[in-house]
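Given next are the chains, with one letter for each unit.
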Amino acid sequence: MSEEFYRMKRLPPYVIAEVNAMRAAARAAGEDIIDLGMGNPDLPPPDHVIAKLCEVAQKPSAHGYSQSMGIPGLRRAQANYYGRRFGVDLDPEAEVVVTMGSKEGLASLATAITAPGDVVLAPNPSYPIHMFGFIIAGATIRSVPTTPDEHYWKSLERAMAFTVPRPSILVVGYPSNPTAETVDLAFYERLVAWAKENKVWVLSDLAYSELYYDGNPTPSILQVPGAKDVAVEFTSLSKTYSMAGWRIGFAVGNRQLISALKRVKSYLDYGAFTPIQAAACAALNGPQDIVQKNRELYHKRRDVMVEAFGRAGWEIPAPKASMFAWAPLPPALKDMGSLEFSKQLLTHAKVAVAAGVGYGEDGEGYVRIAMVENEQRLRQAARNIKQYLKSMGINTPAKGAA
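Quick caveat, the model's predicted, so the values are computed rather than measured.

Caption draft 1: Representation of the overall build of the chain. A tally of regular secondary structure across the chain gives 13 helices and twelve strands. The C-alpha atoms of the chain give 21 Å as radius of gyration, which agrees with the globular expectation for 402 residues (21 Å, within 12%). Its C-alpha atoms give the chain principal-axis dimensions of about 60 × 55 × 50 Å. Counting only residues that meet the buried cut, the chain has 55% of its 402 residues in that class. For the chain, the proportion of contacts with a sequence separation of at least 24, taken over those separated by at least 6, is 76%. Roughly 17,400 Å² of accessible area belongs to the chain as shown, and the carbon and sulfur atoms make up 54% of that amount. In the chain, 43 positive and 40 negative side-chain charges are present, and the distance between their average locations comes to 1 Å.

Caption draft 2: The nonpolar core, seen in detail. Counting residues in each nonpolar core, the largest one holds 54 residues, and the members touching the most others are Tyr152, Leu170, Leu191 and Trp194. The set of elements that each furnish at least two residues to this core consists of helix 4 (72-86), strand 2 (96-99), helix 7 (150-162), strand 5 (169-173), helix 8 (185-198), strand 8 (249-253), helix 10 (274-285) and helix 11 (289-312). If sequence neighbours within four positions are ignored, Leu170 has contacts with Leu121, Val144, Tyr152, Leu156, Leu191, Trp194, Val200, Trp201, Val202 and Leu203.

Caption draft 3: Structural view of empty space enclosed by the protein. According to the stated counting rule, one finds three cavities of 30 Å³ or more in the structure shown. Gln78, Tyr81, Ser209, Glu210, Thr235, Ser236, Leu237, Thr240, Tyr241, Phe250 and Leu284 are the residues that line the largest cavity. If you list the elements that add at least two residues to the lining of the largest cavity, you get helix 4 and strand 7 (231-236). Split into classes, the residues belonging to the lining of the largest cavity amount to five nonpolar, five polar and one charged.

Caption draft 4: Layout of the sheet that holds strand 9 (residues 324-328). In space, the three strands of this open sheet follow the order 9-12-11, with antiparallel pairing throughout. Only two strands of the sheet have a single partner each, and these edge strands are strand 9 and strand 11 (354-355). Where strand 11 meets strand 12 (residues 366-370), two bridges bridge the pair, whose relative direction is antiparallel. Counterpart to Ala355 in the pairing with strand 12 is Val367.

Caption draft 5: Quick look at the pattern of salt bridges. For the structure on display, the rule yields 20 salt bridges. Among the ionic pairs, Arg27 bridges to Asp35, the shortest N-O distance being 4.0 Å. Note on Asp35: relative accessible area 13%, which makes it buried. With a shortest N-O distance of 3.4 Å, Glu55 and Lys52 are connected by a salt bridge. Pair noted here: Glu55 and Lys52 are both in helix 3 (residues 47-57), with a separation of three residues, about one helical turn. Classification of Lys52 by relative accessible area gives partly exposed; the value is 26%. A single salt-bridge network, built from bridges that share partners, covers Asp91, Glu95, Lys228 and Arg255.

Caption draft 6: Representation of the sheet that holds strand 2. Strand order in the open sheet formed by seven strands is 2-8-7-6-5-3-4, and the pairing between neighbours is mixed. The open sheet has two free edges, formed respectively by strand 2 and strand 4 (140-145), since each of these has just one partner strand. The average undirected angle you get between the axes of adjacent strands in this sheet is 20°. Where helix 6 (residues 128-136) meets the sheet, its contacts fall on strand 3 (119-124), strand 4, strand 5 and strand 6 (201-205), and the angle it forms with strand 3 comes to roughly 155°. Taken strand by strand, helix 9 (residues 255-268) contacts strand 2, strand 6, strand 7 and strand 8, and its axis lies near 40° from that of strand 2.

Rules used throughout
Residues numbered from 1 in each chain as written. Predicted model: local features only at pLDDT ≥ 70, side-chain atom pairs only at ≥ 80, totals over all residues. Heavy atoms only, no water. Helix = DSSP H or I, 4+ residues; strand = E, 2+ residues; numbered from the N terminus. Rg over C-alpha atoms; globule rule 2.2 N^0.38 Å. Buried < 20%, exposed > 50% of the residue type's maximum accessible area, 1.4 Å probe, protein only. Contact = heavy atoms within 4.5 Å. Areas by Shrake-Rupley, 256 points an atom, 1.4 Å probe, with all protein chains shown as cover. Lys, Arg positive; Asp, Glu negative; His and termini not counted. Charge placed at Lys NZ, Arg CZ, Asp CG, Glu CD. Core = buried A, V, L, I, M, F, W, Y, C linked by side-chain atoms within 4.5 Å. 1 Å grid on protein atoms, 1.4 Å probe; cavity = no way out; pocket = protein on both sides within 12 Å on 5 of 7 lines; lining within 4 Å. Points joined across faces, edges and corners; volume = space filled by probe spheres on them. Nonpolar A, V, L, I, M, F, W, Y, C, P; charged D, E, K, R; others polar. Pairing = 2+ DSSP bridges. Salt bridge = Lys/Arg side-chain N within 4 Å of Asp/Glu carboxyl O. Axes fitted to C-alpha atoms, helices over the stretch in contact; angles between N-to-C directions.

Given below as structure tokens:
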């Protein structure tokens with residue numbers, strides 16, 4: 001009966017779920033699957049954060065309804081983080097709201113600010129909620145490229161010139177999930193100027209703000225003077241502190257957008273469990289050595305993966321940021337398509353990856369590889385993949401591999 005529902009009819013099959021179901025079935029059958037598909041951190045949160053959760057959970061007063069906008073201390077902690085990290089001044093009362101992960105925040109804001117028939121510009125490929133949060137809310141999506149080159153800007157200009165009604169919202173996400181592409185502050189300066197000129201709201205997803213490599217910190221759009229006039233930005237504790245299942249994120253920036261998000265959330269939820277919010281305060285306010293430690297660990301995994309997969313005959317471009325690599329299919333297998341290739345890897349190499357087509361049609365020809373297994377397992381994955389490629393008649397190491 002679900003196909004009769006209006007919003008269900010607007011949602012395509014969730015391609016990523018196909019490989020996820022195969023992976024679950026294989027594991028249930030006792031197979032050792034090296035899971036590089038879901039971006040689920042395998043590292044624990046800091047000890048002091050877990051201790052704070054347990055401490056506050058012991059208090060009888062901590063188990064009632066919380067606040068949908070987030071407890072004041074957590075909103076202050078996030079404002080302080082933006083001040084330390086980006087030099088951005090935020091008002092915790094009017095410019096910060098706590099969300100249940102950035103995914104929920106994006107979806108709730110889409111509900112708050114989208115009218116049926118509105119046109120939203122979203123990157124393709126991109127994290128599914130960037131598109132489907134607005135589709136669920138009744139909007140129409142016009143795709144723009146993810147790669148931030150001159151073609152990107154030309155696509156924005158064409159969209160404004162030839163789309164009826166004119167687009168009113170633009171979604172950006174850098175470091176990108178899934179492509180791991182990054183931008184500099186000059187990109188955001190140009191984007192803010194464009195948004196003001198065209199009267200477009202900008203929603204920036206900065207979930208991977210702290211997973212950057214090679215000494216190049218990721219910027220925030222809010223570092224641009226006047227960005228708060230048009231932009232709101234989402235961040236998350238999921239990857240920075242390995243707290244994915246805790247579901248704590250934030251939206252910060254433009255007061256009008258934050259007010260709309262607060263109002264919708266006040267109807268939908270009572271906020272995250274108070275002990276979790278208190279522990280999130282401990283993460284943001286406490287020692288930050290875990291952030292650097294995790295960054296270095298993912299950096300090492302990146303290097304191991306690129307080197308080992310290259311030896312196996314599959315050349316993987318080294319990502320500049322995030323916990324993902326965006327890998328083109330081996331040239332000899334390109335015609336197979338990303339979904340079939342992902343199924344083949346799972347079946348024959350016991351390695352799970354995410355099919356690029358699950359992130360939009362422009363993701364075809366790629367797979368997303370999550371660096372969520374240790375270095376030993378990454379090397380084992382490479383050995384398994386080498387055997388699979390050999391069975392397919394591909395046994396020449398990728399160009400440049402030792």
